[in-house]
Amino acid sequence: MNFQLINWLAVVVAALSAFLVGGIWYSPALFANAWMADNKLTSAELQASSKGRAFGFTAFFSIIMAVNLAMFLADAKTDLAWGTAAGFLAGIWTFCAIAIHSLFELKSWRLIFINGGYSVVSLTLMGLILGAWR
């Protein structure tokens, strides 16, 4: 791995893309209502929760994910196709981890696909950004 091959601005943009995907994915237009129902959460409970804590840790973990993926892609041969494929494969990996934990937590398959699907889409986009922005 060659740290000089990491585009740190691309890492930041890739991390921010997870916010964009999450904002759309967990919006009422897509999966918010199903996600809340399967988690047995109400709008009032979400409104009362700490937004700073949730978004702060989300930013922190998104940066870690983007840096980690960038480290795997720190190769002169990395391009758009490989970056996208690697992001997708990382998403499948995290989907499986989410599924394993969720099955033991007795979560629904719908919730597993909502949360796991977010990981697949967001990591694929991260890989696309990192692969394209060399």
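What comes next is a walk through the structure.

Reading the values: the criteria
- Residues numbered from 1 in each chain as written.
- Predicted model: local features only at pLDDT ≥ 70, side-chain atom pairs only at ≥ 80, totals over all residues.
- Heavy atoms only, no water.
- Helix = DSSP H or I, 4+ residues; strand = E, 2+ residues; numbered from the N terminus.
- Buried < 20%, exposed > 50% of the residue type's maximum accessible area, 1.4 Å probe, protein only.
- Areas by Shrake-Rupley, 256 points an atom, 1.4 Å probe, with all protein chains shown as cover.
- Contact = heavy atoms within 4.5 Å.
- Expected span 1.5 Å × (residues − 1).
- Arc of directions from axis to C-beta.
- Polar contact = N/O pair within 3.5 Å; in protein donor to acceptor, adjacent residues only side chain to side chain.
- Axes fitted to C-alpha atoms, helices over the stretch in contact; angles between N-to-C directions.
- Parallel < 35°, antiparallel > 145°, perpendicular 65-115°, else oblique.
- Left-handed = near helix turned anticlockwise from the far one by under 90°.
- Nonpolar A, V, L, I, M, F, W, Y, C, P; charged D, E, K, R; others polar.
- Patch = residues over 30% accessible without salt bridge, like charges linked within 9 Å, V, L, I, M, F, W, Y side chains within 5 Å.
- Salt bridge = Lys/Arg side-chain N within 4 Å of Asp/Glu carboxyl O.

Another aspect to go through is the overall build of the protein chain. Per the secondary structure count, the protein chain includes six helices and zero strands. For the protein chain, the α and β elements follow one another from N to C terminus as α-α-α-α-α-α. Going through the 134 residues of the protein chain one by one, you find that 35% of them count as buried. For the protein chain, the accessible area works out to roughly 8100 Å², and carbon and sulfur atoms hold 74% of it.

Turning to the side chain of Ser119, a few remarks are in order. Relative to the elements of secondary structure, Ser119 occurs in helix H6 (residues 109–132). Sequence-distant contacts of Ser119, that is, excluding residues within four places in its chain, are made with Gly91, Thr94 and Ile98.

What follows covers helix H4 (residues 51–72). Counted at 1.5 Å a residue, the expected span for H4 with its 22 residues is 32 Å, and the 31 Å between its end C-alpha atoms agrees. All buried positions along H4 are accounted for by Ser62, Ala66, Leu69 and Ala70. Within H4, the buried residues cover an arc of 100° as seen down the axis, which keeps them to one side. Turned more than 90 degrees off the buried face of H4, the exposed positions are Arg53 and Phe72. The inward-facing, buried residues of H4 abut helix H1 (8–25), helix H5 (80–104) and H6. For H4, the side-chain oxygen to backbone nitrogen distance between the N-cap and Arg53 is 3.1 Å, and the N-cap itself is Ser50.

Right, let's get into the packing of H4 against H6. Direction vectors running N to C along H4 and H6 enclose 55°, while the axes themselves pass 10 Å from each other. As summarised for this structure, H4 and H6 are arranged oblique, according to the angle between their axes. Relative to H6, the crossing made by H4 is right-handed. Facing Ser62, Met65, Ala66, Leu69 and Ala70 of H4, the residues of H6 in contact are Leu123, Met126, Gly127 and Leu130. Grouping the amino acids of the contact of H4 with H6 by side-chain chemistry returns seven nonpolar, two polar and no charged.

Looking now at unusual backbone geometry. Despite not being glycine, Lys40 shows a phi value in the positive range, around 55°. Examined against the element boundaries, Lys40 turns out to sit in the loop between helix H2 (32–39) and helix H3 (43–48). Of note in this structure, Leu106 is not a glycine but carries a positive phi near 60°. Here Leu106 shows up in the loop between H5 and H6.

This part takes up a nonpolar patch on the surface. There is a patch of nonpolar side chains on the surface, built from Leu9, Val12, Val13, Leu16, Ile63 and Trp133 and spanning about 490 Å² of accessible area. Per element, the largest residue contribution to the nonpolar patch is four residues, and it comes from H1. Within the secondary structure layout, Leu9 lies in helix H1.

Purely geometric numbers; function is a separate question.
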